[in-house]
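So the chains spell out like this:
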Amino acid sequence: MSEQPRRNAVPALLLAGAACALLLLTALFLNAEDPGAAGSPGGTAAETVSEEMRAAGEELARRDEADPHAMGAVDAPVVLIVYSDYLCPFCARWVEQTQPDLVEAYVDPGLVRIEWREFPYLGESSRLLARGAVAAGNQDRFWEYHARVYDAQEDFTGDADEVRTRMLEAAEEIGLDTDAFAHDLDAPESEEAVARDFTEGQDMGMSGTPAFLVNGDPVLGAQPLEAFTTSVDAALRAAGR
């Protein structure tokens, strides 16, 4: 197994703006009756985001051409960062209802790059599924794994042993080397990669999923497509596109 690169260390600019980001995003989450619900308070927050926070959020974009957890042109003018939990039903709703339209309208034409982050805050099984995403990414099958889990979250309920068994079955279904997948699932590097994503989200004030940054501007919850197109279009205009 290849060593997980330590490419998502918190940048200096993020450290400078983290306190501001934490206060703003935490307040937005706390003001939402349900941070994950479509149409909940929160939505886009471009009007209240400071330039310092926006710059900090933009610094989180990795733009790593070899990143298996990203899709879209590495030089796309907009980067949409997604913080998600594989057992969050609102995340599944976003993946099913919103992600495909964004991919067709913005990712495929080279305007937006999606970068996925693991934010498994719902317990042991969530953390296990997040490590599975890293293991699948090691075989360049992250998006296949992503689709398989979100398409049938009910397959991955139960205790951790049951979830692990079903994950191995799913890994075989999507054509993974199951021995390598099982090894990577428990590798310290996988745990470290998930922990780095989780810490990154916490440093930006994330307290639930799904949560998004569009060139640094937050969109909170499984908002309708219009919330994302509005934010992305504003980011494109700011980038001169």
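Residues numbered from 1 in each chain as written. Predicted model: local features only at pLDDT ≥ 70, side-chain atom pairs only at ≥ 80, totals over all residues. Heavy atoms only, no water.

An unreviewed UniProt entry lists the protein under the name Thioredoxin domain-containing protein, from Nocardiopsis tropica. If you open the UniProt record of the protein and go to Sequence similarities (unreviewed entry), you find "Belongs to the thioredoxin family. DsbA subfamily." (UniProt positions renumbered as here; feature names shortened; annotations may be inferred.)

A. Region of interest: the packing of aromatic side chains. Inspection of every chain in the model, using the stated rule, returns 12 aromatic pairs. Consider the rings of Phe 119 and Tyr 121, whose centres lie 6.1 Å apart with planes at 45°: the pair is tilted. By relative accessible area, which is 2% here, Phe 119 ends up buried. For Tyr 121, a relative accessible area of 35% gives the class partly exposed. A centroid spacing of 4.8 Å and a plane angle of 80° characterise the contact between Phe 142 and Trp 143, whose relative ring orientation is edge-to-face. One exposure class covers both Phe 142 and Trp 143, and it is buried. Each residue in the set Tyr 86, Trp 94, Trp 116, Phe 142, Trp 143, Tyr 145, Tyr 150, Phe 181, Phe 212 and Phe 228 is aromatic and connected to the rest through ring pairs, giving one cluster. (Phe/Tyr/Trp six-rings, centres within 6.5 Å; stacked < 30°, edge-to-face > 60°. Buried < 20%, exposed > 50% of the residue type's maximum accessible area, 1.4 Å probe, protein only.)

B. Spatial organisation of the pattern of salt bridges. Counted under the stated rule, the structure contains 10 salt bridges. As a salt-bridge pair, Glu 200 and Arg 117 come within 2.8 Å of each other at their nearest N and O atoms. With Glu 200 in helix H9 (residues 188-203) and Arg 117 in strand S4 (residues 112-118), this pair connects stretches of sequence that are 83 residues apart. Both residues of the pair, Glu 200 and Arg 117, belong to the buried class. Between Asp 155 and Arg 148 there is a salt bridge; the shortest N-O distance is 3.0 Å. Connected via shared salt-bridge partners are Arg 62, Arg 113, Glu 115, Arg 117, Asp 197 and Glu 200. (Salt bridge = Lys/Arg side-chain N within 4 Å of Asp/Glu carboxyl O. Helix = DSSP H or I, 4+ residues; strand = E, 2+ residues; numbered from the N terminus.)

C. Representation of the pairing of strand S3 (residues 78-84). Most of S3 is tucked away: seven of the seven residues are buried. Across the two faces of S3 the burial is the same, with Val 78, Leu 80, Val 82 and Ser 84 and Val 79, Ile 81 and Tyr 83 all buried. Bridge analysis of S3 against S4 gives seven bridges, and the strand direction is parallel. Looking at the pairing, Leu 80 lines up with Ile 114 of S4. Bridge analysis of S3 against strand S5 (residues 211-214) gives four bridges, and the strand direction is antiparallel. Looking at S5, one finds that Leu 80 is bridged to Val 214. (Pairing = 2+ DSSP bridges.)

D. Expanded view of the confidence of the model for the protein. Across the protein, pLDDT averages 84, with 79% of residues at or above 70. Residue range residues 37-47 is modelled with pLDDT below 50. Its contacts to residues more than four positions away, or to other chains, number 28 contacts. (pLDDT = per-residue confidence, 0-100. Contact = heavy atoms within 4.5 Å.)

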